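# A structural walkthrough
Listed below are the residues making up each chain.
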Amino acid sequence: MNNPYAHIVEPLDTQVPAQKFFNLTKLGDPRYESLPFSIRVLLESAVRNCDEFLVKKEDVERILNWKETQTQTVEVPFRPARVILQDFTGVPAVVDFAAMRDAVKKLGGDPEKINPVCPADLVIDHSIQVDFSRKPDSLQKNQELEFERNKERFEFLKWGSKAFQNMRIIPPGSGIVHQVNLEYLARVVFQQDGYYYPDSLVGTDSHTTMIDGLGVLGWGVGGIEAEAVMLGQPISMVLPEVIGYKLQGTPNKYITSTDIVLTVTKHLRQVGVVGKFVEFFGPGVAQLSIADRATIANMCPEYGATAAFFPVDHVSLLYLQQTGREAEKLGYIAQYLKAVGMFRDYNDESQDPDFTKVVELDLSTVVPCCSGPKRPQDKVSVSEMKQDFQTCLGAKQGFKGFQVPPEQHDVSVPFQHGGVDYSLSHGSVVIAAITSCTNTSNPSVMLGAGLLAKKAIKCGLSVKPYIKTSLSPGSGVVTYYLRESGVMPYLSELGFEVVGYGCMTCIGNSGPLPESVVEAITQGDLVVAGVLSGNRNFEGRVHPNTRANYLASPPLVIAYALAGTVRIDFEKEPIAVNAEGKEVFLRDIWPTREEIQAVERQFVIPAMFKEVYEKVEKVNERWNSLNAPSDKLYTWDPKSTYIKSPPFFEGLTRELQEPKSVVDAYVLLNLGDSVTTDHISPAGNIARGSPAARYLTSRGLTPREFNSYGSRRGNDAVMARGTFANIRLFNKFLSKQAPHTIYLPSGETMDVYDAAEKYQQAGHALLVLAGKEYGSGSSRDWAAKGPFLLGIKAVLAESYERIHRSNLVGMGVIPLEYLPGDTADGLGLTGRERYTIVIPPQLTPRMLVDVKLDTGKTFQARMRFDTDVELAYFHHGGILNYMIRKMSEK
């Protein structure tokens, strides 16, 4: 072994000398014991992979010296144990690999060198939509439509599973990627190639952090970065600060894990944890189940941290046992983690490591809450929901405002549904979805919803039939225990039928609303509500017609569906009046934690998990019957509207081209704060009349066949046209929400894609101006690929979401950041100027560059290439070009 730390390798069990591990305690370094547990995982990876080339001894020293270096910009490599993908991000990754094989062959290299060396699991969970709901056959019909729409994509993924080694695909209908990861894929400790080491991963979905709740360090990265990891590149990361989050106290008996995570999200947003790890500790953690911890870790992107880590303890081992993991694995997991000092006792203060900073939460102070109406961090206690919505209704257009004139606040629009008269008003609930890995992975809230439904039915309550209700569990286990515990019939009676196993409403696959409902919303220009147990509620994401969207626990989703409006104070007003004229309050039907836990202990058992997951890769007959070619190079079909060879590598040469200054760029869009990746590259429906719709129509498709943007991510022609196509995009050039911009040379207003195309035809470079938190939300590589294809050379923003900045770097788009105190307004920028970004010959990380305007004004901005590795990618024109050149070497 050519590793300078080979001397600390020893057998874990002297009876099995062939199975070894790097015993970090034998480093004999007192700094190790004071490192946060999450940093110990980074250290172990660096020690085990130290080859003095990609990972060096000084990298190990930097991590050991975390206490001194954490506040500096110190770069370290990290090689995760595996990669996880979902199909919206997995299809473009496999498309890129297929195109990279073609490019390597053209440059004279061996195309089969483009192959994952790091194990990768791809779970197909983003394709199914809620086309049918409230009927017993909804699941079957939605799954049939899913295959009808996505057969071509699925065949392509099946080709990928054959053409590439080390890539396992979990077929559609199995569940949501993060829940399948938690219940089945997670190893906690790897046993491979004769070594034990901690499980760790990166994923192409920002909520990959959910696995941190089980003590597996993981976070979301851009698809482009994940592809490099799969090909053997370590991640180059800045050694993070670690915020210790101390949990104390006991939650009251009516509190759910959702209430806790929404409270934590708002709190940590206020603390400011962007780009940092959060590590949970304190006696309160021991009171939380793994499902509760996973719920808190899941929403890590919403509070802005990179990871939200709960080190492994005895509760983690009990969860592994409950989910049917083998006894032999449980044995070596505990033995290994104790041997390397990574096993935690949350009640033992002597184990508390050093943290950059400590913040605390007393769980007894948490109250029932929701978040919205437009952002996950905008927590609203349930007792204040009615007043908060009322305030938002009239407030200025913004994250907490809809700017509805006061005289229109009480407007009511009558309509008919199923031959019966109803009416809608502001705040009416039209979507109520129990959805998303955030909550459907948690038996306590799912059984809580079932028990609430049972009590509601017994009290004679019902949900109005025009409300689109749905239940999309994160795995088959959920349906199993809901059925076995006897609550499923009550959920069905309220309209919460199982509609599919996947992300569905949470990702924007909410399907159509009844036409009469849409007409009433449009007629009254109503601010109606969606209530979902998800993690994202950005404008335009859940459904184009629901301008207010609230995140809530599954029991609260049902409660608001029963009430039919979010304009209700559950403490003072009845949820409904039953047929006998009796007022029923929420407190009358709300189950306690004790009631829920009793049912959970009885019905959530290991046999369920074993039965579901033993057959997970083979149970889908439709998937099994798909035919896929077995050639190592993919044969692109020019007629396909789903899979197309991307133009990223056209004209690529072996020789590097020197980066050039960006000269006289026009501003394509002038944007404000919190522009999300949903605004930049939507995942949901393709609007009729949009550039993407016009393209698909020209290829002979009807609107029914458009499918979603997310499902079309294997086709750059659709995705380029879908860039900045969100109907809720607010462009300062227009002073209103629309997917349009002004073509500055002529002053015409047009679709963003059409304007970009005109600029490119005229040979003009493009720039985007933005405010704070540019690119927040999902880890969407097309939010960087799309702008790249539109000819955008740089983005100038006040700050960036971590994953999106790395995606821009990966595509060779320059992320520029205003200097502290500078803003577009402060510098007097209108966006109508032309911009020259001066790129000097010698580049250094985070260097300042001059930005010159055609008005004669000059200012400086920071170029956010944060590490030498990122600069290397920029020199190559992006990370994929870098990998192709590397793989083409003889």
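These lines cover the structure that appears in this document, whether it is placed above or below. (Residues numbered from 1 in each chain as written. Predicted model: local features only at pLDDT ≥ 70, side-chain atom pairs only at ≥ 80, totals over all residues. Heavy atoms only, no water.)

### Remarks on the overall build of the protein chain
What counts is decided by this rule: Elements are defined by DSSP. Helices are runs of H or I of four residues or more, strands are runs of E of two residues or more, and each kind is numbered from the N terminus. Using C-alpha atoms as the atom set, the radius of gyration is obtained and then compared with a globule rule of 2.2 Å times the number of residues to the power 0.38. Note on classification: 1.4 Å probe, protein chains only; a residue is buried when its accessible area is under 20% of the maximum for its type, exposed when over 50%, partly exposed between these limits. A 1.4 Å probe and the Shrake-Rupley method give the accessible areas. Residues count as covered only by the protein chains that appear here. All tallies of charge rest on Lys and Arg as positive and Asp and Glu as negative; His and the ends of each chain are not included. A single reference atom marks each charge: NZ on Lys, CZ on Arg, CG on Asp, CD on Glu.
From N to C terminus, the protein chain includes 31 helices and 36 strands. Against the 2.2 N^0.38 benchmark of 29 Å for 890 residues, the protein chain shows a C-alpha radius of gyration of 26 Å, consistent with a compact globule. Referenced to the eigenvectors of the C-alpha coordinate spread, the extents of the protein chain come out at roughly 80 × 75 × 55 Å. By the burial criterion, 64% of the 890 residues in the protein chain qualify as buried. In the form shown here, the protein chain has an accessible surface area of approximately 31100 Å², with 48% of it arising from carbon and sulfur atoms. Of the side-chain charges in the protein chain, 93 are positive and 102 negative, and the distance between the mean point of each set is 2 Å.

### Things to note about the side chain of Thr 306
Spelled out, the test is: In protein, a polar contact requires one atom able to donate a hydrogen and another able to accept it; more generally it is a pair of N or O atoms within 3.5 Å, and residues adjacent in sequence count only if both atoms are side-chain atoms. Whether two residues are in contact is decided by their heavy atoms: any pair within 4.5 Å suffices.
With respect to the helices and strands, the residue Thr 306 is situated in the loop between helix 10 (300-303) and strand 14 (307-309). Thr 306 sits in the buried class, given a relative accessible area of 5%. A polar contact of 3.2 Å, which involves the side chain of Thr 306, links it to the side chain of Arg 802. Those residues within four positions of Thr 306 in sequence are excluded, and the remaining contacts are Thr 209, Trp 219, Gly 275, Lys 276, Phe 277, Cys 300 and Arg 802.

### Description of the packing of aromatic side chains
For clarity, the cut-off: Think of it this way: a Phe, Tyr or Trp ring, Trp meaning its six-membered ring, pairs with another when their centres are within 6.5 Å, and the plane angle makes it stacked under 30 degrees, edge-to-face over 60, tilted otherwise. Counting as a charge over the ring demands two things of the Lys NZ or Arg CZ atom: a distance within 6 Å of the ring centre and an angle within 35 degrees of the ring normal.
Considering all chains together, one arrives at 31 aromatic pairs under this definition. Seen from their ring centres, Phe 415 and Tyr 466 are 5.2 Å apart, and the 80° between their planes marks the pair as edge-to-face. Separated by 51 residues along the polypeptide, Phe 415 in strand 18 (residues 412-417) and Tyr 466 in the loop between helix 15 (443-458) and strand 21 (468-471) bring together distant segments of the chain. Both residues of the pair, Phe 415 and Tyr 466, count as buried. Each residue in the set Phe 97, Phe 156, Trp 159, Phe 164, Tyr 634 and Trp 636 is aromatic and connected to the rest through ring pairs, giving one cluster. Just above the ring of Phe 399 sits the side chain of Arg 375; from NZ or CZ to the centre is 4.0 Å.

### What about the sheet that holds strand 35 (residues 848-853)?
Stated precisely, the cut-off is as follows: In this analysis, strands are considered paired if DSSP registers two or more bridges between them. Only C-alpha atoms enter the line fits that serve as axes; for helices the fit covers just the stretch in contact. Angles between N-to-C directions range over 0 to 180 degrees.
An order of 26-31-32-33-36-35-34 is seen for the seven strands of this closed barrel, with the pairing classed as mixed. Across the sheet, the axes of successive neighbouring strands diverge by a mean angle of 40°, strand direction being ignored. As paired strands, strand 31 (residues 766-769) and strand 32 (residues 792-797) are joined by four bridges and run parallel to one another. Bridge pairing in strand 32 places Leu 767 opposite Ala 794.

### Looking at the pairing of strand 36 (residues 858-863)
As judged from the three bridges shared by strand 33 (residues 814-818) and strand 36, these two strands associate in the antiparallel manner. Bridge assignment links Tyr 818 to a residue of strand 36, and that residue is Ala 861. Bridge analysis of strand 35 against strand 36 gives five bridges, and the strand direction is antiparallel. Counted as the bridge partner of Asp 850 is Gln 860 from strand 36.

### A short note on the environment of Asp 716
Positionally, Asp 716 belongs in helix 26 (residues 716-721). A relative accessible area of 7% means that Asp 716 is categorised as buried. A C-alpha to C-alpha distance of 8.6 Å links Asp 716 and Lys 785, two positions 69 residues apart in sequence. In this structure Asp 716 touches Lys 644, Ser 645, Pro 646, Pro 647, Trp 782 and Leu 789, once residues within four positions along its chain are discounted.

### Thoughts on the sheet that holds strand 6 (residues 167-170)
Read from one edge of the open sheet, five strands run 6-5-4-9-10, paired in parallel fashion. Looking at which strands have only one partner, the edges of the open sheet turn out to be strand 6 and strand 10 (217-220). Each neighbouring strand pair of the sheet contributes to a mean axis angle of 20°, computed without reference to strand direction. As paired elements, strand 4 (residues 82-86) and strand 9 (residues 200-203) share three bridges and run parallel to each other. Its bridge partner lying in strand 9, Val 83 is registered against Val 202. Those strands touched by helix 4 (residues 87-106) are strand 4, strand 5 (120-123) and strand 6, and its axis lies near 110° from that of strand 4.

Interpretation note: all reported values are geometric properties and have no functional meaning in isolation.
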